[in-house]
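Observations on the three-dimensional arrangement
As a plain string of letters, each chain reads:
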Amino acid sequence: MFKYDYLRPASVKEACELLALHGDSAKVIAGGTDLMVQIRDEDKKWANIKYIIDIGHLKEMKYIKEDGDSICIGALSSHTDIVKSKILQKYAPFFCEASSTVGSPQIRNMGTIGGSIGNASPASDPVPPLIALDAEVKVVGTSGERTVLLKSIFANSYKTTLKVDEIITEISFKKMPTEAKSVFLKLGRRKALAISRMNVGVIVVVDSMGFVSDVRIAPGCIFAVPDRVKIAEDVLLGKVPTRELLVEAGKKVSEEMINRTGIRPSTEFKKPAIESLTTRALSQALEVE
Amino acid sequence: MNKINVNMIVNGEVVSILVEPNARLLDTLRDNLELTGTKEGCGVGECGACTVIVDGEAVNSCMILAASMEGKVIETIEGLGGDNGELHILQEKFIEHSALQCGFCTPGLVMSAKAFLDVNDKPTREEIKTAISGNLCRCTGYSQIVDAIEDAAKDYYVYDVCRVKK
Ligand SMILES: Cc1cc2nc3c(=O)[nH]c(=O)nc-3n(C[C@H](O)[C@H](O)[C@H](O)COP(=O)(O)OP(=O)(O)OC[C@H]3O[C@@H](n4cnc5c(N)ncnc54)[C@H](O)[C@@H]3O)c2cc1C
Ligand code: FES
Ligand code: FES
């Protein structure tokens, strides 16, 4: 079993200072639903861990609020907080839907959105909707704070671009226009084998003439780092949506998957799965049979 | 490794205790406080046998560091019965509906159900199923468990109010 000391900073600032002091031998813990499993499994990633820095009690990072035309979410908000938030149900319902599929009630009560991002798993459920929303994150370190695109936080599977002394404190995005439709769909469950996991978040806006004026397609589990798929979005942008175009957009997503990750043993399963999942999500959002 | 002093309320009593930095809440409850009703199944958040209630929410005590429980209010299965050994309404209904066989999953299931009924007045069967979806049972097949919780829900509000008054 790994042995470590437990540190309990009184503020975000103090947490960053502890991170700066202890460098790679320290790690922050929020809900612990990822970290506790990895430590128990003696994941080699944490072999030199000497300090666990608890940020779970820092209430200053637990809020969901409107700020003009943006929504701001404190990084310590749990998945349950997100599912229950009236603000998010109104302005980003597919994000609530995605969060409601995380694990179990217990996991949703403990797990935080900051932890989902910090863990950088390609199979995260709440991350694809945030990518579709072009969300930004506020990151605080000993030398101050910066706000960057969420997308840029992911370096690789399970690796972030955060500096050693940095903590994610807030996630924010622009409210979707009221006429926007969003859908999150997920295949498979965690308890079934990992290979069956796949998800997608989509947003579409159709103008008064029936043309698609905005479309975002953010699939999960198929890239090392989450991203929108521009070549699939371009299939629909400016068009009147038809069944054929939705099928075509689904094909573009799998094309992009193969472009980025190459042909793998799982491709045979993943290709048709992500195609039909994307097409299904788009047809629900656009109400095209 | 430095031990950590933690002050928490467990089943209504103030507990002040030194814990190892890597001790889980589950370990502290079972090994130090001798509250062995809370069980360890998988140890990785999948089975729910270790479910307890912290500040009103059901959580897996196998994934929580005991050191992080400073100031928290914790309920375990041992805290449910009355002072004179009366069973909680959920425990009664579990027995009435034969909602257990080996019983290993039962404390966790009862705690998930309690956290849920504490804030839900008239739950549907689907809502009950979701509320216990983080608790695995290898024996019963779940339908008796859902029956028991559904039945408890009918009298829960009145039961809870009377209990608090006492
Ligand atoms: C049984 C089980 C089922 C699960 N099912 C799902 C599922 O269906 N879908 C899904 O998406 N996920 C699932 N998860 C994964 C997990 O619950 C989420 O990723 C969770 O949100 C992580 O949040 P946390 O607060 O618990 O993270 P922690 O474990 O506390 O931290 C995770 C990582 O992020 C870092 N970190 C945490 N907070 C911050 C911060 N504010 N700034 C910088 N770094 C930070 C930590 O250092 C650590 O490396 C499951 C986990 C379990 C155990
Ligand atoms: S022992 Fe905690 S969830 Fe299985
Ligand atoms: S009664 Fe045996 S596991 Fe549920």
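The rules behind each value
Residue positions are given per chain, counting from 1 as you read along its sequence in written order. Chain labels run from A onward and ligand labels from 1 onward, assigned in the order the entries are written. Confidence filtering applies because this is a predicted model: local features only for residues at pLDDT of at least 70, side-chain atom pairs given and counted only at 80 or more, and all residues used for totals across whole chains, interfaces and linings. Side-chain measures here rest on the full set of heavy atoms in the structure, leaving out hydrogens and waters. Secondary structure elements are taken from DSSP: a helix is a run of H or I of four residues or more, a strand is a run of E of two residues or more, and numbering for both begins at the N terminus. Helices are assigned an expected span. That span is 1.5 Å times one less than the residue count. We call a residue buried when its accessible area falls under 20% of the maximum for its residue type, exposed when it is over 50%, and partly exposed in between, using a 1.4 Å probe and counting protein chains only. The criterion is simple. A nonpolar core is a set of buried Ala, Val, Leu, Ile, Met, Phe, Trp, Tyr and Cys residues joined through side-chain atoms within 4.5 Å. In this analysis, two residues are considered to be in contact whenever any of their non-hydrogen atoms come within 4.5 Å of each other. Just to be clear on terms, a salt bridge is a Lys or Arg side-chain nitrogen sitting within 4 Å of an Asp or Glu carboxyl oxygen. A score between 0 and 100, pLDDT records how confident the predictor is in each residue. As annotated, the domain borders come from an automatic or database domain assignment. What gets called buried area is simply the loss in accessible area from a 1.4 Å probe that two parts show on being joined, summed for both. Polar contact criterion, stated in full: a pair of N or O atoms within 3.5 Å, where within protein one must be able to donate a hydrogen and the other to accept it, and residues adjacent in sequence count only if both atoms are side-chain atoms.

Things to note about helix α3 (residues 106-117) of chain B
All names here are of chain B.
- The first and last C-alpha atoms of α3 sit 16 Å apart over twelve residues, in line with the 16 Å expected at 1.5 Å per residue.
- Taking burial as the measure, the twelve residues of α3 include twelve buried ones, the bulk of the element.
- When we look at burial in α3, the residues that qualify are Thr106, Pro107, Gly108, Leu109, Val110, Met111, Ser112, Ala113, Lys114, Ala115, Phe116 and Leu117.

Observations concerning the nonpolar core
- One finds A:Ile52, B:Met8, B:Leu25 and B:Met69 to be the most contacted residues of the largest nonpolar core, which totals 38 residues.
- Residue assignment for this core shows that the elements contributing at least two residues are α2 (35-40) and α6 (105-110) of chain A together with β1 (4-10), β2 (13-19), α1 (25-32) and β3 (51-54) of chain B.
- With sequence-adjacent residues up to four places away left out, B:Leu25 is seen in contact with B:Val52, B:Val54, B:Ser61, B:Ile64, B:Leu65, B:Ala66, B:Met69 and B:Ile74.

Observations regarding the pattern of salt bridges
- The full count for this structure, using the stated rule, is 33 salt bridges over all chains.
- The shortest N-O distance in the salt bridge between A:Glu275 and A:Lys271 comes to 3.0 Å. Of this pair, A:Glu275 and A:Lys271 both sit in helix α11 (residues 267-286), separated by four residues, roughly a single helical turn.
- Two residues, B:Glu96 and B:Lys93, come together in a salt bridge whose shortest N-O distance is 3.7 Å. You can see B:Glu96 and its partner B:Lys93 sitting in helix α2 (residues 89-96), three residues apart, about one turn around the helix.

Some thoughts on the confidence of the model for chain B
- Mean pLDDT over chain B stands at 94; residues scoring 70 or higher make up 98%.
- Among the prediction metrics, the complex's ipTM stands at 0.96, with pTM recorded as 0.96.

A short note on the domain arrangement of chain A
All names here are of chain A.
- Here chain A is partitioned into domain 1 (5-54), domain 2 (59-174) and domain 3 (181-286).
- Each of domain 1 and domain 2 was reduced to a C-alpha centroid, and the two centroids are 19 Å apart.
- Listed per partner, the contact involves 17 residues of domain 1 and 18 residues of domain 2.
- Roughly 1,200 Å² of surface becomes buried between domain 1 and domain 2 when both sides are summed, with 69% attributable to carbon and sulfur atoms.
- Of all residues in domain 1, Val12, Cys16 and Thr33 bury the most surface against domain 2, accounting for 39% of the area lost on that side.
- Linking domain 1 with domain 2 are zero salt bridges.
- Put simply, domain 1 and domain 2 have two residue pairs in polar contact (both at pLDDT 80 or more) between them.

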